[in-house]
Amino acid sequence: MEASGTSNMKFAMNGCILIGTLDGANVEIREEVGEENFFLFGAHAPEIAGLRQERAEGKFVPDPRFEEVKEYVRSGVFGTSNYDELMGSLEGNEGYGRADYFLVGKDFPSYIECQEKVDEAYRDQKLWTRMSILNTAGSPKFSSDRTIHEYAKDIWDISPVIMP
């Protein structure tokens, strides 16, 4: 299994235009490729604790579209699997891995609005191509060569072998 940040770095290196929240590797990716080449949605780090507290106190009111999506999943349209665990992770008011700990419901309206911006940008193929190229051009920091060199120097404290 690979961390989503590592995957996002690979996506950016290959010209993908990311849509994501401002956490983990997305922070670095957005800095490197430029905020104008990254579609950002969702709550920001300073808001998280308060939003989780609001949820724990039962004050969160989900967007009706989010409730509609959950009902759609429950309808069986994706097969006969039991989605109780998934739904449990998005509902309730307490517990890690429950009560929408990752604020999916809170971020959902922001995601929908952001996805509309993605759709608009995609319709402008010149803009989309430019953004894609700039994602690749802005991502050399994420290459494995740089990472291995940095680990060798800063973590493993080894030097490259110079061949005669």
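Model, not experiment: these values are computed from the prediction. Residue numbering note: each chain is counted from 1, following its sequence as written. With pLDDT at 70 or above as the cut-off, local features in this predicted model cover only qualifying residues; side-chain atom pairs require 80 or more to be listed or tallied, and sums for whole chains, interfaces and linings still use all residues. To get the side-chain values, all heavy atoms of the structure are used, and hydrogens and water are removed first.

Peer 1: An account of the side chain of Asn135 is needed here, citing residue identities and associated values.
Peer 2: Under the scheme used here, helices are H or I runs from DSSP no shorter than 4 residues and strands are E runs no shorter than 2 residues, and both carry numbers assigned from the N terminus. Of note, Asn135 is situated in helix α7 (residues 125–137). For every residue, the accessible area obtained with a 1.4 Å probe (protein chains only) is divided by the maximum for its type, and the residue is called buried under 20%, exposed over 50%, and partly exposed between those limits. Using a relative accessible area of 0% as the deciding quantity, one classes Asn135 as buried.

Peer 1: Account for the pattern of salt bridges, with residues named and values stated.
Peer 2: Put simply, a salt bridge is a Lys or Arg side-chain nitrogen that is within 4 Å of an Asp or Glu carboxyl oxygen. Within the structure shown, the criterion is met by 11 salt bridges. As a salt-bridge pair, Lys153 and Asp154 come within 3.4 Å of each other at their nearest N and O atoms. Beyond isolated ion pairs, a larger network of salt bridges with shared partners links Glu67, Lys70, Glu71, Arg74 and Glu91.

Peer 1: Break down the packing of aromatic side chains for me, with residues and values.
Peer 2: Stacked, edge-to-face and tilted labels apply to pairs of Phe, Tyr and Trp rings (six-membered ring for Trp) whose centres lie within 6.5 Å, assigned for plane angles under 30 degrees, over 60, and everything in between, in that order. Throughout the structure, instances matching the rule amount to 7 aromatic pairs. Ring plane angle 50° and centroid distance 5.4 Å describe the contact between Phe66 and Phe108, whose orientation is recorded as tilted. Of this pair, Phe66 sits in helix α4 (residues 64–74) while Phe108 is found in helix α6 (residues 104–123), placing the two residues 42 residues apart along the sequence. A residue is classified by how much of its surface remains accessible, and Phe108, at 13% relative accessible area, is buried.

Peer 1: An account of helix α1 (residues 4–13) is requested, with residue identities and associated values reported.
Peer 2: Those residues of α1 that fall on the buried side of the exposure criterion are Gly5, Ser7, Asn8, Met9 and Ala12. Whether two residues are in contact is decided by their heavy atoms, any of which lying within 4.5 Å being enough. Residues of α1 that are buried make contact with α2 (25–33) and α7. Looking one or two residues beyond α1, the residue adopting positive phi is Gly15, at roughly 90°.

Peer 1: Give a description of the domain arrangement of the chain that names residues and reports values.
Peer 2: What the domain assignment lists for the chain is domain 1 (1–43 + 107–163) and domain 2 (47–102). Just so you know, the domain bounds were taken from an automatic or database domain assignment. On a C-alpha basis, the centroid separation for the pair domain 1 and domain 2 is 28 Å. Put simply, buried area is the surface a 1.4 Å probe can reach on two separate parts but cannot reach once they are joined, added for both. Counting each side, the surface lost to burial between domain 1 and domain 2 is near 480 Å², with a carbon and sulfur contribution of 73%. It is Ala43, Phe108 and Pro109 that lose the most area in domain 1 upon contact with domain 2, and together they represent 82% of the buried surface on that side. Summed over the shared surface of domain 1 and domain 2, the number is 0 salt bridges. Polar contacts here mean pairs of N or O atoms no more than 3.5 Å apart (in protein, one a potential hydrogen donor and the other a potential acceptor; neighbouring residues in sequence count only if both atoms are side-chain atoms). There are 0 residue pairs in polar contact (both at pLDDT 80 or more) connecting domain 1 and domain 2. In terms of residue class, the side of domain 1 that touches domain 2 is made up of 4 nonpolar, no polar and 1 charged. All residues other than Ala, Val, Leu, Ile, Met, Phe, Trp, Tyr, Cys, Pro, Asp, Glu, Lys and Arg, Gly among them, are scored as polar; the first ten of these are nonpolar and the last four charged.

Peer 1: Summarise the side chain of Asp63; cite the residues concerned and give the values.
Peer 2: Its location among the elements puts Asp63 in the loop between α3 (45–56) and α4. A polar atom in the side chain of Asp63 sits 2.7 Å from the backbone nitrogen of Arg65.

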